[in-house]
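# Remarks on the overall topology
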Amino acid sequence: MKSSTGRWVSGDNFFDRERELQILETRVQDRNHVLLTGQRRMGKTSIVQELGRRLAPKGWIFLSTDVEGATCAEDAIASIAAAVHPVRPIASRFATTMRRWVSDKVEEVSAAEFRLKIRAGLNAGSWRHYGDQLLRDCVAQDKPVLLVIDELPIFLKRILHGDDGARRVDEFLSWLRGVLQSIGDGSLVLIVSGSIGLEPLVKRLGIPDRINHLSPFRLGPWDRKTSVTCFEQLAESYGLQVEDEVPNAVYDALGLGIPHHVQSFFARLRDHATMQDRDGVTVGDVEEVYRTELLGPSGQNDLMHYETRLKEGVEEKSYSIVMEILAEAATQEVFTSDAQRCLERLYSAVVDDAAGRIMDALDVLVHDGYLEAGLGGYRFPSRLLKDWWAARFRDHHTPLKSRRAND
């Protein structure tokens, strides 16, 4: 088992998730389209890649595309076309439909070139027609096809911020739902995933029915036993000696078994031992590496990813509200109902419907795994994220209750 901190894994490097894989495979085999959700770094890409690998011997064709960089529907359709390029029968059928732009034989152009040629033939008036044809060409296969569209919510957020954005989001989702429903229980199954939530987006736009054909499946964190076992297997694979309580100390430090964080912690502890010219790790090393590495400058790239995705998941006008909530929850340990009322009063003078914006912000923060609702309010389930946000705002955040008292 190899340590992996920045890429998806499959095969021998794919750890656990057997129950989740069984559920996903059953849904796909039953021809159910799936909305795959889960907190960042939870392993969504890895699980769909592993699912595709396991379905291949059972006669399935696995296609995957990432539409994070798409700026319009035409880009998204071209990205799906690039994903089908390796499957010559599908690509050739679609190329025939678009022969005006794809004059070369499919096997004579790369997937990137194929995408560019397809994109050249798409415009605002034609993408729906050719998108329909592309998906129907997938259905025409003698084998079932699993198509994964990753980062769809980020793409939709991007077009939402453009001209007539709400209508264009509705148009794309309505098209996707319509073509899948017209295909029926055929040989094409769709999995949609992303690092920001699709459900809060369509709820905010008032179009939740546009995704009611997708069966939701949430990928949760590892429990303590799984996190500890993963750490132990990594240590064994690399010949790293660890004190008996180290794996549990790692889990306690993180506070939540996010697979990427377990992997990252192991990699940093292994590097720490190497720098100390040691072949083992002690319990004392765990807290030191947590403080100086995971929360230190070298760990900022990992954690800044959360803030970047957060900016993409909420409206610009609500972003400062989100940061207030996170700062309060991090520095005060909990975002209480009293703090919520204080925040509503503070923002009611500067934004419309402050109460609604706060509730929308909480919906996003809970859906995307930053906070969880519990007795007394909203808290960080991850100690790592809480400590990171607390370190950023501890010297700059005045508790909301104090601000109310000072007014």
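Above: the structure in question.
Computed from a predicted model, the values in this text were never measured in an experiment. (Residues numbered from 1 in each chain as written. Predicted model: local features only at pLDDT ≥ 70, side-chain atom pairs only at ≥ 80, totals over all residues. Heavy atoms only, no water.)

Let us now look at the overall build of the chain. Looking only at helices and strands, one finds 19 helices and nine strands in the chain. For the chain, the C-alpha radius of gyration of 23 Å lies close to 22 Å, the compact-globule estimate for 407 residues. Taking the principal axes of the C-alpha coordinates as reference, the chain spans close to 65 × 60 × 35 Å. By residue count, 53% of the 407 residues in the chain fall in the buried class. Residue pairs in contact within the chain that sit at least 24 positions apart in sequence constitute 77% of those at least 6 positions apart. With an accessible surface of roughly 18100 Å², the chain has 46% of that area assigned to carbon and sulfur atoms. If you average the places of the 52 positive and of the 60 negative side-chain charges in the chain, the two averages end up 4 Å apart. (Helix = DSSP H or I, 4+ residues; strand = E, 2+ residues; numbered from the N terminus. Rg over C-alpha atoms; globule rule 2.2 N^0.38 Å. Buried < 20%, exposed > 50% of the residue type's maximum accessible area, 1.4 Å probe, protein only. Contact = heavy atoms within 4.5 Å. Areas by Shrake-Rupley, 256 points an atom, 1.4 Å probe, with all protein chains shown as cover. Lys, Arg positive; Asp, Glu negative; His and termini not counted. Charge placed at Lys NZ, Arg CZ, Asp CG, Glu CD.)

Here we come to the packing of helix H15 (residues 319–332) against helix H18 (residues 383–393). H18 packs onto H15 with a crossing angle of 105° between their chain directions and a minimal axis gap of 8 Å. Here H15 is positioned roughly perpendicular relative to H18, judged by the angle of their axes. Across the interface between the two elements, Met 323, Leu 326, Ala 327, Ala 330 and Thr 331 of H15 pack against Lys 386, Trp 389, Ala 390, Arg 392 and Phe 393 of H18. Of the residues belonging to the contact of H15 with H18, the class tally is seven nonpolar, one polar and two charged. (Axes fitted to C-alpha atoms, helices over the stretch in contact; angles between N-to-C directions. Parallel < 35°, antiparallel > 145°, perpendicular 65-115°, else oblique. Nonpolar A, V, L, I, M, F, W, Y, C, P; charged D, E, K, R; others polar.)

Our next topic: the sheet that holds strand E3 (residues 145–150). Pairing is parallel in the open sheet, where five strands are placed in the order E2-E3-E4-E1-E5. Two strands lie at the open edges of the sheet, namely strand E2 (61–66) and strand E5 (215–218), each paired on one side alone. Direction aside, neighbouring strands of the sheet carry axes that sit 20° apart on average. Pairing between strand E1 (residues 34–37) and strand E4 (residues 188–193): three bridges, direction parallel. Each bridged residue has a counterpart across the sheet, and for Leu 35 the counterpart in E4 is Val 192. (Pairing = 2+ DSSP bridges.)

Take the environment of Ala 267 next. Mapped onto the fold, Ala 267 is located in helix H12 (residues 259–275). Taking relative accessible area as the criterion, Ala 267 reaches 13% and is therefore assigned buried. Separated by 32 residues in sequence, Ala 267 and Ala 235 have C-alpha atoms that sit 9.7 Å apart.

Turning our attention to the pattern of salt bridges. For the structure shown, the criterion picks out 23 salt bridges. Here Asp 285 and Arg 278 are joined by a salt bridge, their closest N and O atoms 3.1 Å apart. Arg 278 gets classed as partly exposed once you look at its relative accessible area, which sits at 34%. Linked through salt bridges whose partners overlap, the residues forming this network are Glu 287, Glu 333, Arg 383, Lys 386 and Asp 387. (Salt bridge = Lys/Arg side-chain N within 4 Å of Asp/Glu carboxyl O.)

Counting residues in each nonpolar core, the largest one holds 76 residues, and the members touching the most others are Phe 265, Ile 325, Leu 371 and Trp 389. Ignoring any residue separated from it by four or fewer positions in sequence, one finds Leu 371 in contact with Ile 325, Leu 326, Ala 329, Leu 362, Leu 365, Val 366, Tyr 378, Arg 379, Phe 380 and Pro 381. Residues Ala 73, Cys 138, Val 145 and Leu 176 belong to the second largest nonpolar core, which totals 54 residues. (Core = buried A, V, L, I, M, F, W, Y, C linked by side-chain atoms within 4.5 Å.)

Turning our attention to helix H7 (residues 152–160). Along H7, eight of the nine residues are buried, which leaves the element largely enclosed by surrounding structure. Looking at H7, one finds that the buried residues are Leu 152, Pro 153, Ile 154, Phe 155, Leu 156, Lys 157, Ile 159 and Leu 160.

Right, let's get into the packing of H7 against helix H9 (residues 198–205). H9 packs onto H7 with a crossing angle of 30° between their chain directions and a minimal axis gap of 9 Å. Classified by chirality, the crossing of H9 by H7 is left-handed. For the pair H7 and H9, contact is made by Pro 153, Leu 156, Lys 157 and Leu 160 and by Leu 198, Leu 201, Arg 204 and Leu 205, respectively. The residue inventory of the contact of H7 with H9, partitioned by class, reads six nonpolar, no polar and two charged. (Left-handed = near helix turned anticlockwise from the far one by under 90°.)

Within the fold, His 397 resides in the loop between H18 and helix H19 (400–406). We classify His 397 as buried; its relative accessible area is 11%. A distance of 2.7 Å separates polar atoms of two side chains, one belonging to His 397 and the other to Glu 328. In contact with His 397, other than residues within four places in its own chain, are Glu 324, Ala 327, Glu 328, Thr 331 and Arg 403. (Polar contact = N/O pair within 3.5 Å; in protein donor to acceptor, adjacent residues only side chain to side chain.)

By the secondary structure assignment, Glu 324 is in helix H15. With residues up to four places along the chain from it excluded, the contact list for Glu 324 reads Leu 343, Tyr 347, His 397, Leu 400 and Arg 403.

According to the stated counting rule, one finds eleven aromatic pairs in the structure shown. Ring geometry for Phe 380 and Trp 389: centres 6.3 Å apart, planes at 35°, overall tilted. Each member of the pair, Phe 380 together with Trp 389, is buried. A cation sits over an aromatic face here: Arg 270 above Tyr 238, 4.3 Å from the ring centre. (Phe/Tyr/Trp six-rings, centres within 6.5 Å; stacked < 30°, edge-to-face > 60°. Lys NZ or Arg CZ within 6 Å of the ring centre and 35° of its normal.)

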